[in-house]
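Here is what each chain is made of, one letter per residue.
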Amino acid sequence: MDVLVSPAQMQHTALAWRRAGRRIGLVPTMGFLHEGHLSLVSRARAESDRVVLSLFVNPTQFGPSEDLSRYPRDFERDRQLCADAGVEILFAPTPDTVYTPDHAVFVEEPALSQRYCGASRPGHFRGVLTVVAKLFNLVQPEVAVFGQKDAQQARLIRQMGRDLNFPVRILTAPIVREPDGLAMSSRNTYLSAEERRAARCLNEALRLARRLYARGERQATVLRDRLRDAIAQHPLARLDYIAIADQDSFAPVETLMRPAIVLLAVWIGRTRLIDNALLPDNPLCNLPPDGDQEILN
Ligand code: AMP
């Protein structure tokens, strides 16, 4: 495996591969890799013959009061995991080479990027779309794999791909979870033992949504209220938002006539966690089955 830090060298290598007829698969990450990231590598591996994993903690997608400076990093461990997973290039550029001092052009989507996570994190998706557009140009992928864990992000990247005519197939891979159902995330490492237990409330709430839906509940306000109450039971949890949206357009829905997505963001102490579920249930979200002990009301 090669480690490249220079964007110019990455692009040069990618263009040479393309000329030689290689199909490049890209997995963009911010590092501190876990099984979720590695599942994206497996998917890219299956769909291409050269896998590039980018490791870049993108400063433009963090707000001024967010966790950019304390975001977890362990380059040596990530390098080993990538080598073991059969990645061909680990692309780990530095911020000053990705954003030169005179960088001025950004990619913006004005509607969906302002909702849900975008409302809580102003400017976040502008930073995400811009860095993904840059990575598409630097890595020249035929396919790029993103996680359903960040469902709104994946939806916006698909839209960017269509609207700006990127010749990239954008794939979404299922959420990988811990045994108790918590969606894997580099940010889980921030949690104390007590917070880690409280963090179960996200997937418990989503499973409640799934049960209510299976029993015929179709009113978004009822679902939201029930989930809000369930999260309020946990003293360490503070709801950021719950939204119920159309699965295709991500527009908010009031009555669930078509497939929907429940989007959830919850603060556990100083850590903001997100998760989502598709209604009807879908393997992409990989929610654990419900145990007998769970009581609906
Ligand atoms: P991040 O490093 O958190 O920016 O994530 C990089 C990519 O990995 C994104 O496409 C995420 O959606 C995806 N990802 C993160 N966590 C998971 C997970 N638990 N399961 C599947 N994909 C994930």
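All figures in this text were calculated on a predicted structure; none of them were measured in a lab.

Novice: How should I be thinking about the packing of aromatic side chains in this particular structure?
Specialist: Think of a pair of aromatic rings as described by two things: how far the centres are apart, and how the planes are tilted against each other in angle. Scanning the entire structure with this criterion turns up four aromatic pairs. Ring geometry for F136 versus F166: centroids 5.3 Å apart, planes at 75°, classification edge-to-face. In this pair, F136 is assigned in helix α6 (residues 124-139) and F166 in the loop between α7 (151-163) and β6 (169-173), connecting sequence segments 30 residues apart. Comparing F136 with F166, the two get one shared label, buried. The ring of F32 carries the charged tip of R77 above its face, separated from the ring centre by 5.7 Å. Seen from the ring of Y213, R218 lies directly overhead, with NZ or CZ sitting 3.7 Å from the centre.

Novice: Explain empty space enclosed by the protein to me, please; I cannot follow it from the model alone.
Specialist: Taking a probe equal in size to a water molecule and rolling it over the atoms shows the remaining empty space. Scanning the model with the defined rule gives one cavity of 30 Å³ or more in all. Estimated volume of the largest cavity: approximately 40 Å³. Taken together, the elements giving at least two residues each to the lining of the largest cavity come down to α9 (200-214) and β9 (271-279). The leading source of residues in the lining of the largest cavity is β9, at three residues. Of the residues assigned to the lining of the largest cavity, the class counts are five nonpolar, three polar and two charged.

Novice: What should I look at first to understand the pattern of salt bridges in this one?
Specialist: Once their charged atoms are close, side chains differing in charge can pair, the charge on each being opposite to the other. Evaluation of the coordinates by the stated rule reveals 20 salt bridges. A salt bridge links D49 to R23; the nearest nitrogen and oxygen atoms lie 3.6 Å apart. Of this pair, D49 sits in the loop between α2 (35-47) and β3 (50-55) while R23 sits in the loop between α1 (7-19) and β2 (24-29), and the two are 26 residues apart along the sequence. Residue classification places D49 among the partly exposed positions, given a relative accessible area of 27%. Using a relative accessible area of 34% as the deciding quantity, one classes R23 as partly exposed. Between D180 and R196 there is a salt bridge, with the nearest N and O atoms lying 2.9 Å from each other.

Novice: I tried to follow the site of the ligand on my own but got confused; where do I start?
Specialist: Among the 17 residues in the neighbourhood of the ligand, the closest are listed as M30, H37, D150, V176 and M184. Separating a nitrogen atom of the ligand from a backbone N or O atom of M184 is a distance of 2.8 Å. Of all the elements in the fold, those that place two or more residues in the shell around the ligand are β2, α2 and β5 (143-147). Of all the elements, α2 adds the most residues to the shell around the ligand, at three residues. Residue classes in the shell around the ligand are distributed as nine nonpolar, six polar and two charged.

Novice: Would you mind going over the state of the cysteines with me for this structure?
Specialist: One way to say it: the disulfide is the covalent bond shared by the sulfur atoms of two cysteines. Counted according to the given criterion, the structure contains zero disulfides. This cysteine, C285, is not joined by any disulfide, and C117 carries the nearest cysteine sulfur, 14 Å off.

Novice: It is not clear to me how α2 should be interpreted in this structure. Could you clarify?
Specialist: An α-helical turn contains 3.6 residues, so any two residues separated by three or four positions project in the same direction. With 13 residues, α2 should cover 18 Å at 1.5 Å per step; its first-to-last C-alpha distance of 19 Å lies within 8% of that length. Regarding α2, the residues found buried are G36, H37, L38, L40, V41, A44 and E47. Buried positions along α2 lie against β2, β3, α3 (75-84), β5 and β6.

Novice: I'm lost on unusual backbone geometry in this one. Help?
Specialist: As a rule of thumb, non-glycine residues mostly have phi less than zero, and peptide bonds are mostly trans rather than cis. Of the consecutive residues L279 and P280, the connecting peptide bond is found in the cis state with omega at 0°. Summarising the element assignment, P280 is placed in the segment after β9. Unusually for a residue other than glycine, Q140 sits at a positive phi of about 55°. Along the chain, the position of Q140 falls in the loop between α6 and β5. Backbone geometry at F250 places phi at a positive 65°, although glycine is not the residue there. Assessed through its relative accessible area of 5%, F250 is described here as buried.

Novice: I'm lost on the packing of α6 against α7 in this one. Help?
Specialist: Helices that pack against each other are described as a pair by the angle of their axes relative to one another and the distance between those axes. At a minimum axis separation of 10 Å, α6 and α7 run at an interaxial angle of 55°. In terms of orientation, α6 and α7 fall into the oblique class. Here α6 runs over α7; the crossing is right-handed. Where α6 approaches α7, its residues F125, V128, L129, V132, A133 and F136 are matched on the opposing element by Q152, Q153, L156, I157 and M160. Across the contact of α6 with α7, the residue classes break down as nine nonpolar, two polar and no charged.

Rules used throughout
Residues numbered from 1 in each chain as written. Predicted model: local features only at pLDDT ≥ 70, side-chain atom pairs only at ≥ 80, totals over all residues. Heavy atoms only, no water. Phe/Tyr/Trp six-rings, centres within 6.5 Å; stacked < 30°, edge-to-face > 60°. Helix = DSSP H or I, 4+ residues; strand = E, 2+ residues; numbered from the N terminus. Buried < 20%, exposed > 50% of the residue type's maximum accessible area, 1.4 Å probe, protein only. Lys NZ or Arg CZ within 6 Å of the ring centre and 35° of its normal. 1 Å grid on protein atoms, 1.4 Å probe; cavity = no way out; pocket = protein on both sides within 12 Å on 5 of 7 lines; lining within 4 Å. Points joined across faces, edges and corners; volume = space filled by probe spheres on them. Nonpolar A, V, L, I, M, F, W, Y, C, P; charged D, E, K, R; others polar. Salt bridge = Lys/Arg side-chain N within 4 Å of Asp/Glu carboxyl O. Near = heavy atom within 4 Å. Polar contact = N/O pair within 3.5 Å; in protein donor to acceptor, adjacent residues only side chain to side chain. Disulfide = S-S within 2.5 Å. Expected span 1.5 Å × (residues − 1). Contact = heavy atoms within 4.5 Å. Axes fitted to C-alpha atoms, helices over the stretch in contact; angles between N-to-C directions. Parallel < 35°, antiparallel > 145°, perpendicular 65-115°, else oblique. Left-handed = near helix turned anticlockwise from the far one by under 90°.

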